[in-house]
Amino acid sequence: MVQILLAILFSSFKFAATFPLVILQFKFSFLETVLWTNVGGIAGIYFFAFLSGKLIAWWNRNFRGTRHKNALKEEQPKKVFTKRNRRIIRIKQQYGLIGIAIATPFLLSIPVGVFLAVRYYRSSSVKFIYLIASNVVWSVIYTGFYMFWNVLIFKNS
């Protein structure tokens with residue numbers, strides 16, 4: 001039971017790093033691994049979407065509003081586009097929501113990917129479908145990969 005809870009907890013925020021632990025250490029089967037990592041991943045998607053929404057609302061309420069209030073008093077300097085800002089805009093424009101969803105489980109991590117999806121696609125109702133589908137697909141890929149290597153390594157030992 002503790003192993004299942006750890007698998008759910010770890011896969012809710014660092015999805016890709018969970019698979020070696022679950023397969024090699026806990027000795028879960030293919031179906032158990034896919035099931036529990038997806039339960040954790042999906043729980044993480046909804047939790048971090050809720051948290052991201054609250055953080056974005058708090059930020060907008062406390063910092064965005066002050067800029068507009070101060071604009072009445074004095075003229076604000078123009079917004080400067082940094083290298084980081086340009087990169088984020090380019091990724092969003094080139095890959096969109098599907099690209100963010102695909103990269104979330106293995107490259108961005110669930111908290112970062114969900115934050116970007118909530119931040120840039122607030123009104124999109126399919127963002128959860130894309131994030132969950134990507135989570136399921138990557139879960140099957142990771143589990144198959146680690147199961148294959150686990151059999152190869154321990155078969156030759």
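In what follows, the accompanying structure is described.

When helices and strands are tallied, the protein chain shows six helices and zero strands. Order of helices (α) and strands (β) in the protein chain, N terminus to C terminus: α-α-α-α-α-α. Taking all 157 residues of the protein chain together, 31% fall into the buried category. Considering only intrachain contacts with a sequence separation of at least 6, the fraction spanning at least 24 residues in the protein chain is 77%.

With that settled, consider the side chain of Asn-135. The residue Asn-135 is located in helix α6 (residues 127-156) in this model. A polar side-chain atom of Asn-135 sits 3.0 Å from a polar atom in the side chain of Asn-38. Residues contacting Asn-135, with those up to four places away along its chain left out, are Phe-15, Thr-37, Asn-38, Gly-41, Ile-42, Ile-45, Pro-105 and Ile-110.

Of all hydrophobic cores here, the largest spans 20 residues; its most connected members are Phe-15, Ile-110, Val-114, Leu-131 and Tyr-142. Sorting the residues of this core by element identifies α2 (15-25), α3 (30-73), α4 (83-108), α5 (110-120) and α6 as the ones contributing at least two each. Contact partners of Val-114, with chain neighbours within four places excluded, come to Ile-45, Phe-48, Ala-49, Ser-52, Thr-104 and Leu-131.

On to a nonpolar patch on the surface. Taken together, the side chains of Ile-98, Ile-102, Phe-106, Leu-107, Val-126, Ile-129 and Tyr-130 make up a nonpolar region of the molecular surface, amounting to roughly 630 Å² of accessible area. Where the nonpolar patch is concerned, the elements lending two or more residues are α4 and α6. In terms of residue count, the dominant contributor to the nonpolar patch is α4 (four residues).

Once that is clear, we can look at the side chain of Ser-109. Tracing the chain through its elements places Ser-109 in the loop between α4 and α5. Beyond its immediate sequence surroundings of up to four residues, Ser-109 is in contact with Phe-13, Lys-14 and Thr-104.

The subject of this paragraph is unusual backbone geometry. Residues other than glycine seldom take positive phi values, yet Lys-27 does so here, at roughly 60°. Along the chain, Lys-27 falls in the loop between α2 and α3. The phi torsion at Ser-109 lies on the positive side, around 85°, for a residue other than glycine.

Let us look at the packing of helix α1 (residues 2-13) against α2. As a packed pair, α1 and α2 sit with axes 6 Å apart at the nearest point and diverge in direction by 150°. One element, α1, and the other, α2, form an angle in the roughly antiparallel class. The residues of α2 that touch α1, namely those facing Ala-7, Phe-10, Ser-11 and Phe-13, are Phe-15, Thr-18, Leu-21 and Val-22. Its residues assigned to classes, the contact of α1 with α2 shows six nonpolar, two polar and no charged.

This next bit is on the packing of aromatic side chains. Working definition: an aromatic ring pair is given by the centre-to-centre distance plus the angle between the planes. Taken as a whole and assessed by the stated rule, the structure comprises 14 aromatic pairs. Here Phe-148 and Trp-149 contribute two aromatic rings whose centre-to-centre distance is 5.6 Å and whose plane-to-plane angle is 75°, an arrangement assigned as edge-to-face.

This part is about α5. Among all positions in α5, only Ile-110, Gly-113, Val-114, Ala-117 and Val-118 are buried. All buried residues of α5 fall inside an arc of 130° around its axis, so they share one side.

Cut-offs applied
Residues numbered from 1 in each chain as written. Predicted model: local features only at pLDDT ≥ 70, side-chain atom pairs only at ≥ 80, totals over all residues. Heavy atoms only, no water. Helix = DSSP H or I, 4+ residues; strand = E, 2+ residues; numbered from the N terminus. Buried < 20%, exposed > 50% of the residue type's maximum accessible area, 1.4 Å probe, protein only. Contact = heavy atoms within 4.5 Å. Polar contact = N/O pair within 3.5 Å; in protein donor to acceptor, adjacent residues only side chain to side chain. Core = buried A, V, L, I, M, F, W, Y, C linked by side-chain atoms within 4.5 Å. Patch = residues over 30% accessible without salt bridge, like charges linked within 9 Å, V, L, I, M, F, W, Y side chains within 5 Å. Areas by Shrake-Rupley, 256 points an atom, 1.4 Å probe, with all protein chains shown as cover. Salt bridge = Lys/Arg side-chain N within 4 Å of Asp/Glu carboxyl O. Axes fitted to C-alpha atoms, helices over the stretch in contact; angles between N-to-C directions. Parallel < 35°, antiparallel > 145°, perpendicular 65-115°, else oblique. Nonpolar A, V, L, I, M, F, W, Y, C, P; charged D, E, K, R; others polar. Phe/Tyr/Trp six-rings, centres within 6.5 Å; stacked < 30°, edge-to-face > 60°. Arc of directions from axis to C-beta.

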